[in-house]
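A structural walkthrough
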Amino acid sequence: MTALDTSVHGKRSFASRVASGAGGGVMRIFLILVALFWLVPTFGLLVSSFRDPTDIATSGWWKAFSAPGQLTAKSYKSLLENDAITQSLLNTVWITVPATLLVVLIGAMAGYAFAWMDFKGRDWWFLVVVALLVVPVQVALIPLADLFGKIGIFGDIIGVVLFHVGFGLPFAIFLLRNFFAEIPRELMEAARLDGAGETRLFFTVVLPLGAPAIASLGIFQFLWVWNDMLVALVFSDSQSQPLTVALQQQVRQFGNNIDVLAPGAFISMVIPLAVFFAFQRQFVSGVMAGAVK
């Protein structure tokens, strides 16, 4: 036992006892309580989505436990009958899925090129990519809105997708390039000696080895695009607006349509959570692999 672990009388110090307790059951209980506390708003929103608007306006969501008869699925029926909300949910899918897949695919190919292909100015181009990481989204809103208007895609879903792809690629290329660069050179050279070209090498060696990092990137991109409101608010119109914008507009009439707002907000929240937990193992593997390397 070191001097840091004992006091002048030979007993363990208070700091040492706290540190030892923090690594055991006490810390686990504390983290569980924090997690449960963090989930309270989500659970409250879930309960509210099954309550009648009158009950929501007159009492808190916890009152449903003393009066279970308040719970009803009428709010979700109203949600499905609201054309603006249902269309915005579909628009969110049409925006998020292509923006995520394109960023992952293009980012993986560019990351492989920067990591393992020799071409003129490779390092300088990679520095440009790194520099683009610090460019804020707000700087490009007006110029790109003007450009999209001139080429006729302002207000369309494709404009929102292209904006997210453009701003998602620098981080994707940076992340995947660094991950791919850690692949053993001997493995790459052995594949080339077996006759593998760049395309075959990319799809049969690099992509399988980079699956954890690619999964992590996909989750980050999906969550960013799904929860975005600023870009969609600027580049979408009433026909292409995603769920975040539709709910924001519903808030303006909060007193009249809370039966639609509560279930819509819960759906907007639960789908990203479902995606995260579905790919949680790949996400943790990617984070840990990057930490080790």
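Note: the structure precedes this text.
Residues numbered from 1 in each chain as written. Predicted model: local features only at pLDDT ≥ 70, side-chain atom pairs only at ≥ 80, totals over all residues. Heavy atoms only, no water.

1. Comments concerning the pattern of salt bridges
To keep things clear, this is the line we draw: Should a side-chain nitrogen of Lys or Arg be within 4 Å of a carboxyl oxygen of Asp or Glu, the pair is scored as a salt bridge. Numbered from the N terminus, helices here are DSSP runs of H or I no shorter than four residues, and strands are runs of E no shorter than two.
Enumeration according to the criterion identifies four salt bridges in this entry. One salt bridge connects Asp123 with Arg122, and the closest N-O pair in it is separated by 3.8 Å. Asp146 is the salt-bridge partner of Lys150, the closest N and O atoms lying 3.3 Å from each other. With Lys150 and Asp146 both in helix 7 (residues 137–151) and four residues apart, the pair spans about one turn of that helix. Connected via shared salt-bridge partners are Asp118, Arg122 and Asp123.

2. Regarding the nonpolar core
Inclusion rule: As used in this record, nonpolar core signifies buried Ala, Val, Leu, Ile, Met, Phe, Trp, Tyr and Cys residues forming a set joined through side-chain atoms within 4.5 Å. A 1.4 Å probe rolled over the protein chains alone gives each residue an accessible area, and that area as a share of the maximum for its type sets the label: buried under 20%, exposed over 50%, partly exposed in between. Here a residue-residue contact requires only that any non-hydrogen atoms of the pair lie within 4.5 Å.
Core analysis: the biggest nonpolar cluster contains 42 residues, and Tyr112, Phe180, Met188 and Phe235 have the highest contact counts within it. Among residues more than four places away in sequence, those in contact with Tyr112 are Met117, Phe180, Met188, Arg192, Glu198, Leu201, Phe202 and Val206. Formed by 11 residues, the second largest nonpolar core is a distinct cluster that contains Leu79, Leu243, Ala246 and Leu261.

3. Things to note about the side chain of Thr96
For Thr96, the position within the fold is in helix 5 (residues 83–116). Filtering out sequence-adjacent residues up to four positions away, Thr96 remains in contact with Phe222, Val225 and Trp226.

4. Here's the deal with a nonpolar patch on the surface
Quick reminder of the rule: For patch building, the residue pool is restricted to those with more than 30% relative accessible area and no salt bridge; the joining distance is 9 Å between like charges and 5 Å between nonpolar side chains (Val, Leu, Ile, Met, Phe, Trp, Tyr). We get accessible surface area from the Shrake-Rupley algorithm with a probe of 1.4 Å; when it comes to residues, only the shown protein chains can shield them.
A cluster of nonpolar side chains, Met117, Phe119, Trp125, Val128, Leu132, Leu133, Val134, Val135, Val139, Phe171 and Phe220, forms an exposed patch at the surface whose accessible area comes to about 990 Å². With three residues, the single largest contributor to the nonpolar patch is helix 6 (residues 122–132). If you trace the backbone, Phe119 turns up in the loop between helix 5 and helix 6.

5. Quick look at the packing of helix 9 (residues 185–193) against helix 10 (residues 198–209)
Defined as follows: For helices, the axis comes from a line fit to the C-alpha atoms of the stretch in contact; other axes are also lines fit to C-alpha atoms, and the angle between any two N-to-C directions lies between 0 and 180 degrees. Left-handed describes a crossing whose near helix is turned anticlockwise from the far helix through less than a right angle; right-handed describes the clockwise counterpart. Each residue gets one of three labels, nonpolar for Ala, Val, Leu, Ile, Met, Phe, Trp, Tyr, Cys and Pro, charged for Asp, Glu, Lys and Arg, and polar for the others, Gly among them.
Helix 10 packs onto helix 9 with a crossing angle of 145° between their chain directions and a minimal axis gap of 10 Å. For helix 9 against helix 10, the interelement crossing comes out right-handed. Only Glu198, Leu201, Val205, Val206 and Leu209 of helix 10 make contact with helix 9, whose side of the interface consists of Leu187, Met188, Ala191 and Arg192. For the contact of helix 9 with helix 10, the per-class residue count stands at seven nonpolar, no polar and two charged.

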